[in-house]
Structures are given as C-alpha cells and as structure tokens.
Amino acid sequence: MVSVLFVCLGNICRSPTAEGIFRDLIEREGLADHFTIDSAGTAAYHVGSPPDSRAQAETKRHGIDIGGLRARQARHLDFTQFDYILAMDQENHRNLMAICPPGGEHRLHLFLDFASNPGRRDVPDPYYDGRFDAVFDLIEDAAKGLLADIRAKHL
Ligand code: 4NP
C-alpha cells in the first residue's frame, strides 16, 4: 500500500481537487487497491466543510465527484501515516515543515516537483481569483507525474 496526502491552506479548493483527480486516475488505471488517499489543510478555518462549490463544479465538469469530502487540518501524525505528503505551494511546504517530526522530511514534497513543467513551483490559490480551470489542469498534470514516480518506486 502507498499512502498519499495532498495539502493546501484551507483543504476546500486545491487539495480536495488533487485528491479527486488522483483517485480518479488510479481507479481508471485499476490501482485503487494499492492506495490510501486523503487531503488536509494547514489552516483550520474550514474544518468540517465540503469543498468550495467552484472546486466541486470544475471537477464535476471532468466527471469527478468530490462533494463527499470534508476538510480537516494537517497534523503531526500525518507524517507517520502517509508515505507521500504533497504541498500545493511553498507556503504550505513551510507550514508542514514546522509540524514535521524529526526524520519525516523525506515524505514531504512540493506537488509541482512532479509536474511536466519544471519552472513552476506553486499551484496558485484559486480562492480569490476563481481560476479553478487553470488549477485543475496543473493538478492533473502533476498527478500523472506523481503516479509515474510511485509506479517506478513502489508498484
Ligand atoms: P485552498 O484555498 O487552500 O486551495 O483550499 C483556500 C481556501 C480558503 C482560504 C484560502 C485559500 N481562506 O482564506 O479562507
């Protein structure tokens, strides 16, 4: 089993989108039995909330239903429970480093380090600018890169 946790700030826009896209990808590849997937936010503002309606609409447009997800906050324990912890941006990465137990750092990655365009480091926060379409495309691309990396190392 490989366990994967996607993390953004609020856990209502980018990381639930990533969770939905990655789950859809592994289901279509017939690999669902090999994975545990979850998402979380570094902040607690939206704990218990479903994904932002705009994130739900964008994923639905691509045939992916994330309406059942509920936000939770990332915690210290995640570093012992997840093999891959994917930060959506550098600020999320810094905030995760702050709760990372000694020796857990190798589990933490910038999600876009798995993207095909190596120049970009951050999935931009769509909460204020509403660019959920661009975020979907970036996440989909990096999700494929992440799966390729996991396949090569674990499957
Ligand atoms: P996310 O987006 O980190 O992609 O879930 C945000 C959601 C909420 C807020 C900021 C970003 N907020 O400030 O409430």
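Student: Looking at this structure, how should I read the sheet that holds strand S3 (residues 84-87)?
Tutor: Strand pairs in the sheet, formed through backbone hydrogen bonds, run parallel or antiparallel to each other. Strand order in the open sheet formed by 4 strands is S2-S1-S3-S4, and the pairing between neighbours is parallel. Two strands lie at the open edges of the sheet, namely strand S2 (35-41) and strand S4 (108-110), each paired on one side alone. Strand after strand, the sheet turns through a mean of 25° between neighbouring axes, direction not considered. Against the sheet, helix H1 (residues 14-28) touches strand S1 (2-8) and S2, its axis set at about 170° to S2. Sitting on the sheet, helix H6 (residues 132-154) is in contact with S1, S2 and S3, with an inclination near 160° to S3.

Student: What should I look at first to understand the site of the ligand in this one?
Tutor: With respect to spatial proximity, the complete set of residues near the ligand consists of Cys8, Leu9, Gly10, Asn11, Ile12, Cys13, Arg14, Tyr45, His46, Asp125, Tyr127 and Tyr128. With respect to the ligand, the side chain of aspartate 125 contributes an N or O atom lying 3.3 Å from an oxygen atom. At 3.4 Å, a side-chain N or O of tyrosine 128 approaches an oxygen atom of the ligand. Out of a free accessible area of 350 Å², the ligand has 92% covered by protein chains. Looking at the shell around the ligand residue by residue, the class counts come to 7 nonpolar, 3 polar and 2 charged.

Student: What exactly am I supposed to notice about the packing of aromatic side chains here?
Tutor: In this description, an aromatic ring pair is defined by two values, namely the gap between the centres and the angle between the planes. Enumeration according to the criterion identifies 4 aromatic pairs in this entry. Between phenylalanine 6 and phenylalanine 111, the aromatic rings sit 5.5 Å apart at their centres with planes inclined by 80°, giving edge-to-face as the arrangement. With phenylalanine 6 in strand S1 and phenylalanine 111 in the loop between S4 and helix H5 (126-129), the pair connects residues that are 105 residues apart, well separated along the chain. This pair shows no difference in class: phenylalanine 6 is buried, exactly as phenylalanine 111 is. Put simply, the rings of Phe6, Phe22, Phe35 and Phe111 pair up and form one aromatic cluster.

Student: Would you mind showing me how to read unusual backbone geometry here?
Tutor: Among all residues except glycine, the phi angle is most often negative; among peptide bonds, the trans geometry is most common. The phi dihedral of asparagine 11 falls on the positive side, at around 60°, and the residue is not glycine. Relative to the elements of secondary structure, asparagine 11 occurs in the loop between S1 and H1.

Student: Can you walk me through the packing of helix H2 (residues 53-61) against H6 in this structure?
Tutor: Any two packed helices are characterised by the angle at which their axes cross and by the distance between the axes. Here H2 crosses H6 at 60°, and the two axes come no closer than 10 Å. Our classification of the angle between H2 and H6 gives oblique. As for how H2 packs across H6, the hand of that crossing is right-handed. In this structure, H2 contributes Arg54, Ala55, Glu58 and Thr59 to the contact, and H6 contributes Phe132, Asp133 and Phe136. Here the residues of the contact of H2 with H6 are counted per class, giving 3 nonpolar, 1 polar and 3 charged.

Cut-offs used in this document
- Per chain, residue numbering runs from 1 following the sequence as it is written.
- Totals for whole chains, interfaces and linings use every residue, but because this is a predicted model, local features are given only for residues with pLDDT of at least 70 and side-chain atom pairs only at 80 or more, for both listing and counting.
- Hydrogens and water molecules were not included; the side-chain quantities draw on all heavy atoms of the structure.
- What makes two strands pair is DSSP finding at least two bridges between them.
- Counting from the N terminus, the helices are the DSSP runs of H or I reaching at least four residues and the strands are the DSSP runs of E reaching at least two.
- Axis lines are fitted through C-alpha atoms, for helices just across the contact stretch, and the angle between N-to-C directions can take any value from 0 to 180 degrees.
- Contacts are residue-level and defined by heavy atoms, with any inter-residue pair within 4.5 Å sufficient.
- One heavy atom suffices: a residue is near a molecule or strand as soon as one of its heavy atoms comes within 4 Å of it.
- Here a polar contact means two N or O atoms within 3.5 Å. Within protein one must be a hydrogen donor candidate and the other an acceptor candidate, and residues neighboring in sequence count only if both atoms are side-chain atoms.
- Under the convention used here, a 1.4 Å probe and the Shrake-Rupley method define accessible areas, while residue burial counts only the protein chains that appear.
- Just so you know the grouping, Ala, Val, Leu, Ile, Met, Phe, Trp, Tyr, Cys and Pro go in nonpolar, Asp, Glu, Lys and Arg go in charged, and all remaining residues, Gly too, go in polar.
- Whether two aromatic rings pair depends on their centres lying within 6.5 Å, for rings of Phe, Tyr and Trp, where Trp uses its six-membered ring; planes under 30 degrees apart make the pair stacked, over 60 edge-to-face, and the rest tilted.
- We call a residue buried when its accessible area falls under 20% of the maximum for its residue type, exposed when it is over 50%, and partly exposed in between, using a 1.4 Å probe and counting protein chains only.
- If an angle is under 35 degrees, it is roughly parallel; if it is over 145, roughly antiparallel; if it lies from 65 to 115, roughly perpendicular; otherwise it is oblique.
- Helix crossings fall into two classes, left-handed where the near helix is turned counterclockwise from the far one by less than a right angle and right-handed where it is turned clockwise.

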